[in-house]
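Residue-level structure breakdown
Okay, here's what each chain looks like letter by letter:
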Amino acid sequence: MQGLAASSRIALVVFLLSMAAAADGRKRVVSSSSDEPCTKMTLYLHDILYNGVNNSQNATAAPATRPTALGTTYFSNNTFFGMLVVFNDLVTEGKELPSGNEKPAALAQGFYFYDKKETYAAWFCFSLVFNSAAHKGTLNVMGADPMDEDTRDFTVVGGTGDFFMARGIVTIHTDLVQGSFYFRLQMDIKLYECYV
Amino acid sequence: MQGLAASSRIALVVFLLSMAAAADGRKRVVSSSSDEPCTKMTLYLHDILYNGVNNSQNATAAPATRPTALGTTYFSNNTFFGMLVVFNDLVTEGKELPSGNEKPAALAQGFYFYDKKETYAAWFCFSLVFNSAAHKGTLNVMGADPMDEDTRDFTVVGGTGDFFMARGIVTIHTDLVQGSFYFRLQMDIKLYECYV
Amino acid sequence: MQGLAASSRIALVVFLLSMAAAADGRKRVVSSSSDEPCTKMTLYLHDILYNGVNNSQNATAAPATRPTALGTTYFSNNTFFGMLVVFNDLVTEGKELPSGNEKPAALAQGFYFYDKKETYAAWFCFSLVFNSAAHKGTLNVMGADPMDEDTRDFTVVGGTGDFFMARGIVTIHTDLVQGSFYFRLQMDIKLYECYV
């Protein structure tokens, strides 16, 4: 095989790998390039934070902790150091919240907290829970969110169901912020290990 | 090699992959089917929650947060939205708690929280810590727990020691609930990337 | 190929795998031995905990939760059961904190909590965030920290940027403890899946 051209060798290996493991008849695929994920989708996460007053019906996220002494200090400059928020957010294919009886594409269940005193910085860990005609299963995601950068990368650490054993990257971008109690994240999900 | 039958090609690749990486003389195995995990075991997790009164000796789990305003509202309908519980639970091979000096099969160290206002739903992240004659090492696990489904799948995101670099799935089933302060989870652990 | 010696087969497979997937021209490498990680580095994490009095400027970590009833009980024996700490710690190549305008090698952003009543035991989940000339990207890490063992292994569950799709192990060792408000962890980071 030493005689094969490099491109042939790569093609051969990708072919071999693509046969290497099947889930329910599905084949394992390991991508050959970061430009060519085996699965790709864009979704929007809507975080509606409880405002402590009158939105408990609509809110999908709420602080799980009462501010500590230090937190209170840094709450005063609005960096919310130490605030931990639990969420069960709606996730949609388009930018708009579901209207009427429309079902969301997924739910994002997890938590984030703010971890910087001087500026905004957060840290996320959550599951994307799909239960639609298109997808059933979960993607588990975690990563740092340095909010002063335009895009940030989270890790897809695994998946279940349709996303059995998936791994990849979620690039997030803060698409919209409205006051202190709503933000929308664009999530570009790229999987590099798939069962398809 | 183009002349080989498909089944031979698969066998060849699995053979090649099984040689691809060895930890302390162990070989890396990537399963060829979701029906054939490379390691499989069933364990039971016992969560004994502190009741705030008289079980602090036996309790292995306790809320780490005091209820927030919204939490208090939803505690009243018993969905416990936002409550975050830290645990160090006993894990056994059979359904019973260890008796006398019997050692547990493992400890489950981590946390869960409730993330839905309308019904029960939780989210888990923990390590299974093995320190027995049978196994030494850890499995790290995370995932959403929509409690209204009979079984739910968590992701095994990695492992250490005997479970070096493991990946897989934990299917959980709520095996028993006693009041508000005890539940037992059946955990069917299936690893699809192993070093054996 | 059945005629090849075992060592040739291994060499062939490692060669094939090393070509299997490239990110931005980089090649995927799966290590062939736990003694030969594809990337290895030693870093030190400095955790400066807010003391509630006078170090809010220097502190990089603070409790995010106020003690619960049970927590208070066990705080009295100093095991801090249930205390959850959010951190944004400095990470250095040498043992010393950065001096003057020196930049840290990375930041460690995440949280830990104490989960044992009888003795010290903690659980960590965090991102190492690199933004230096040497490295840009993140490594996401989680695991149990049974503090009575000299070294403990965390899992590297994934990475981004320079550490695209990384997996591996972080072996930690408590290098120094000063009172209740400073500890330094030596982190031996070994990656077994890399893109180089």
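Just so it is clear, the structure is predicted and the values come from calculations on it, not from any experiment.

**Details of the overall build of chain A**
Within chain A one finds 2 helices and 11 strands. The order of α-helices and β-strands along chain A, N terminus first, is α-β-β-β-β-α-β-β-β-β-β-β-β. Here chain A holds 196 residues, and 59% of them are scored as buried. Total accessible area on chain A is roughly 7,700 Å²; 52% of this is exposed by carbon and sulfur atoms.

**Some remarks on the environment of phenylalanine 181 of chain C**
Residue and element names in this part refer to chain C. The topology assignment puts phenylalanine 181 in the loop between strand 10 (167-178) and strand 11 (182-195). Counting along the chain gives 34 residues from phenylalanine 181 to methionine 147, while the straight-line C-alpha distance between them is 16 Å. The residues touching phenylalanine 181, leaving out its near neighbours within four places in the chain, are Asp47, Ile48, Leu49, Tyr50 and Asn51.

**Remarks on the environment of valine 157 of chain C**
Mapped onto the secondary structure, valine 157 of chain C falls in strand 9 (residues 151-161). Distance from valine 157 of chain C to serine 31 of chain C, taken between C-alpha atoms, is 16 Å for residues 126 residues apart in sequence.

**Quick notes on the side chain of threonine 92 of chain A**
All names here are of chain A. Within the fold, threonine 92 resides in strand 5 (residues 84-92). At 2.8 Å, the side chain of threonine 92 forms a polar contact with the side chain of histidine 46. Here threonine 92 is in contact with Leu43, Tyr44, His46, Pro98 and Ala105, once residues within four sequence places are set aside.

**Structural notes on the state of the cysteines**
Scanning the entire structure with this criterion turns up 3 disulfides over all chains. Cysteine 38 of chain A shares a disulfide with cysteine 194 of chain A; S-S distance 2.0 Å. One quick way to see it: the torsion about the S-S bond of cysteine 38 of chain A and cysteine 194 of chain A is about 85°, and its sign makes the bridge right-handed. Taken together, the positions of cysteine 38 of chain A in the loop between strand 2 (26-30) and strand 3 (39-48) and cysteine 194 of chain A in strand 11 (residues 182-195) put the pair 156 residues apart, joining distant regions of the chain. Judged by its relative accessible area of 23%, cysteine 38 of chain A is partly exposed. In this structure cysteine 194 of chain A comes out as buried when scored by relative accessible area, which is 4%. Left without a disulfide partner, cysteine 125 of chain B is nearest to the cysteine sulfur of cysteine 125 of chain A, which lies 5.1 Å away. The class of cysteine 125 of chain B is buried, set by a relative accessible area of 0%.

**Considerations on unusual backbone geometry**
Phi at methionine 165 of chain A is positive, roughly 60°, even though this residue is not glycine. Within the secondary structure, methionine 165 of chain A is located in the loop between strand 9 (151-161) and strand 10 (167-178).

**Observations regarding the pairing of strand 8 (residues 136-145) of chain A**
Residues and elements named next belong to chain A. Within strand 8, 9 of the 10 residues are buried, leaving the element largely enclosed by the surrounding structure. Here 10 bridges tie strand 7 (residues 122-131) to strand 8, and the two strands are oriented antiparallel to one another. Pairing of phenylalanine 130 across the sheet is with glycine 137, part of strand 8. Connecting the antiparallel pair strand 7 and strand 8 is a turn made up of 4 residues. By the bridge criterion, 6 bridges tie strand 8 to strand 9 in an arrangement that is antiparallel. Residue pairing for strand 9: valine 141 is matched across the bridge by valine 156. From the end of strand 8 to the start of strand 9, which pair antiparallel, there are 5 residues.

**Details of the environment of alanine 122 of chain A**
Residue and element names in this part refer to chain A. As for its placement among the helices and strands, alanine 122 is situated in strand 7. For alanine 122 and phenylalanine 80, which are 42 residues apart along the polypeptide, the C-alpha to C-alpha distance reads 9.5 Å. What alanine 122 contacts, discounting residues up to four positions off in sequence, is Phe113, Tyr114, Asp115, Ala144, Asp145 and Met147.

**Digging into the pairing of strand 6 (residues 106-114) of chain C**
All names here are of chain C. Counting buried positions along strand 6 yields 8 of 9 residues, so the element is predominantly enclosed. Bridge count for strand 5 (residues 84-92) against strand 6 is 8 bridges, and the pairing is antiparallel. Across the sheet, residue valine 91 finds its bridge partner in strand 6, namely alanine 106.

**Re the pattern of salt bridges**
Residues and elements named next belong to chain C. Following the criterion strictly, the structure yields 21 salt bridges over all chains and no others. One salt bridge connects arginine 167 with glutamate 193, and the closest N-O pair in it is separated by 3.5 Å. Residue arginine 167 is found in strand 10, and its partner glutamate 193 is found in strand 11; the two are separated by 26 residues along the sequence. Note on accessibility: arginine 167 and glutamate 193 belong to one class, buried.

**Notes on the confidence of the model for chain A**
Residues and elements named next belong to chain A. Chain-level pLDDT for chain A is 83 on average; 80% of the residues reach the 70-or-more range. Contacts from residues 1-22, a stretch scored under 50 in pLDDT, to residues over four places away or in other chains number 44 contacts. In the predicted complex, the global pTM is 0.88; the interface-specific ipTM is 0.85.

What counts and what doesn't
- Residues numbered from 1 in each chain as written.
- Chains lettered and ligands numbered in written order.
- Predicted model: local features only at pLDDT ≥ 70, side-chain atom pairs only at ≥ 80, totals over all residues.
- Heavy atoms only, no water.
- Helix = DSSP H or I, 4+ residues; strand = E, 2+ residues; numbered from the N terminus.
- Buried < 20%, exposed > 50% of the residue type's maximum accessible area, 1.4 Å probe, protein only.
- Areas by Shrake-Rupley, 256 points an atom, 1.4 Å probe, with all protein chains shown as cover.
- Contact = heavy atoms within 4.5 Å.
- Polar contact = N/O pair within 3.5 Å; in protein donor to acceptor, adjacent residues only side chain to side chain.
- Disulfide = S-S within 2.5 Å.
- Pairing = 2+ DSSP bridges.
- Salt bridge = Lys/Arg side-chain N within 4 Å of Asp/Glu carboxyl O.
- pLDDT = per-residue confidence, 0-100.

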